[in-house]
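What the coordinates show
In case you want the letters, here they are:
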Amino acid sequence: MKAAAVFSAALSLFSLASAATSSDKGTSKVKLPATFKPPQTFRNVNLVHVVSVEKNYVKENINVLIENISKKPQDEYFIPFTADQISRLGGVEVKDRNRKDANPPPFSADVVEYDPTSDAQYLRIKLPAPLKTGGQQTLGISYYLLKAYSPLPAAIKQDEQQFLSYSFSAYAPSVYTTSKQKTEVKFPSANIPDYTKIPAGDASKEDLPTKQGSKLTYGPFDEKPAGAFEPVTVRFEFTKPVIHVARLERDVEVSHWGGNVAFEERYTLFHRGANLSSLFNRVKWAQAQYYNPNTYALKEMKFPLRVGSTEPYYTDVIGNVSTSRFRSNKREALLEIKPRYPLFGGWKYPFTIGWNSDAKNFLRKITGGGYVLNVPFLEGPKQPEGVEYEEVQVRVILPEGAENVKFYTSIPSSSITSTEVSAHKTFLDTLGRSALIIKAHNLVDDFRDRELVVTYDYPLSATLRKPLIIFSSLMAVFVSAWLIGNVELKFTSSAKVTGKK
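Computed from a predicted structure; not experimentally measured.

**What about the environment of K71?**
As for its placement among the helices and strands, K71 is situated in the loop between β4 (58–68) and β5 (74–82). Residues K71 and T41, spaced 30 residues apart in sequence, show a C-alpha to C-alpha distance of 8.5 Å.

And the structure:
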């Protein structure tokens, strides 16, 4: 963990976002008129489009050399998507491929809101500085598309191979003229039984794509106009589970008095692979495990935790699940879990895990009495096939009385949908604890361990509030008991009555 001074410098450098008491929604969208059309201000001189289908999600990289062909400096570059794609788009990051310095100027990427009924949507990339007329700049654009595959066939036996299909364009999506380009498609294996072939530009050459091992290459292509589209579909073997987390709720609770940071994660997990064509056979499954064949069923997950993590637990809707193992030493902390049953395509499995860790591993006090908390924004399972997250809610519960809450995260801003600070009440609280809630969507496990830095002030009065309240409450109980104990509840004896003489 970095020193407090380094945290302070990083926070000031990246302009910490101050979390308001009300939700800040739509932070990654830009509203433009309904008649908006991207101006033809740029030309793509050379473009390389890399599509990776090696994991549960599609990762696309566009490396492009752009040139300003307008008469004025320009700083807005647009990429087209369909309305369906824009709803599944996440993790957009842009950088200058020619800048090698440690702190390059930042790019911003925002979804354009202009006509919700149109199928053509746009992503706007804001350059750090306007590009002069005739100037060129090399951009590296990466993004992810979730729920991109369709199993083909849609239903198979539990011991059969699983194949997925994916459709896209052989030309990179662009609203500008592209002088030269090619598209590379990377697969998890060389077993690619079906893929679309298109004629090469030169009649003397073979049809595209060219196949080299587990990679297909469409192109190179000569100049293509803006909006050029060439539909292609690929079908490939995928022998691993297609893990999709529809919702992840991650809580990080900080305790100053206990010197502890408690983590809890609640998953709603789906398998988006091929369904079973017949009923699940438990006996056949148990027999197959002796020789450990490749299977598309999800049978275990591994959660690498921070060194020093303790007291893990694993539960589901039934209760505690005993099929888990936790290994912890000076070098690693690994939680391995096995669901109650193997997960096949179309199956759902909600579960919860949690663990504790020493606060000194994440929390530092800085000059002025403030505190800096540095925790991973996203942890989760580390699987070779990858994991995609449709909705993520991270809630950082700070001690009661924490104020002036600010945060910074290295998660792409285009994936953050809202932030707020609310009150979370629990045992022995009066006003409630400050809880920073950050909601994001369309993330993948490539963002594991991206940092979330939270700064807050914690005055002495807030530190002493709970002990004083406990002491006052106990004193009130004792005093009340003493007062009640001194109340005379006995009946007094009646005075003797003298009889008549």
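**Observations concerning the packing of aromatic side chains**
Tallied over the full model, the rule gives 29 aromatic pairs. With a centroid separation of 5.2 Å and 50° between ring planes, the pair formed by F36 and F78 is classed as tilted. Residue F36 is found in the loop between β2 (29–31) and β3 (42–52), and its partner F78 is found in strand β5; the two are separated by 42 residues along the sequence. Each member of the pair F36 and F78 is classed as buried. Every member of this aromatic cluster is reached through a ring pair, and the members are Y267, F280, W285, Y296, F303, Y314, Y341, F344, W347, Y349 and F351. Sitting over the face of the ring of F163, R235 holds its NZ or CZ atom 4.5 Å from the ring centroid.

**Considering the nonpolar core**
In terms of nonpolar packing, the biggest core is built from 56 residues, with F303, F351, F377, Y389, L452, V454 and Y456 touching the most fellow members. Membership of the second largest hydrophobic core comes to 55 residues, among which are Y122, L127, Y166 and Y218.

**A word on unusual backbone geometry**
In this structure, the amide linkage connecting L152 to the following residue, P153, adopts the cis form with an omega of 5°. Examined against the element boundaries, P153 turns out to sit in the loop between β10 (150–151) and β11 (155–156). The peptide bond linking L208 to P209 adopts the cis configuration, its omega dihedral lying at 10°. Among the secondary structure elements, P209 is positioned in the loop between β14 (194–195) and β15 (210–212). A positive phi angle is found at N442, which is not glycine, with a value near 55°. By the secondary structure assignment, N442 is in strand β31 (residues 433–444). Judged by its relative accessible area of 4%, N442 falls in the buried class. Phi at D449 is positive, roughly 70°, even though this residue is not glycine. Residue placement: D449 occurs in the loop between β31 and β32 (451–457).

Definitions and limits used
- Note that residues are indexed from 1 along each chain, following the sequence as it is written.
- Local features in this predicted model are restricted to residues whose pLDDT is 70 or higher, and side-chain atom pairs enter the listing and the counts only when it is 80 or higher, whereas totals over whole chains, interfaces and linings include all residues.
- Heavy atoms from the whole structure form the basis of all side-chain values; hydrogens and water molecules are not counted.
- Helix and strand definitions here come from DSSP, where helices need a minimum of 4 consecutive H or I residues and strands a minimum of 2 consecutive E residues; each element is numbered from the N-terminal end.
- Pairing of aromatic side chains here covers Phe, Tyr and the six-membered ring of Trp, requires ring centres within 6.5 Å, and sorts the geometry by plane angle: under 30 degrees stacked, over 60 edge-to-face, intermediate tilted.
- Accessible area is worked out with a 1.4 Å probe on protein chains only. A residue is then buried under 20% of its type maximum, exposed over 50%, and partly exposed in between.
- As a reminder, the over-ring test applies to NZ of lysine and CZ of arginine, requiring each to be within 6 Å of the ring centre and within 35 degrees of the ring normal.
- Among buried residues, the Ala, Val, Leu, Ile, Met, Phe, Trp, Tyr and Cys ones that are joined through side-chain atoms within 4.5 Å form a nonpolar core.

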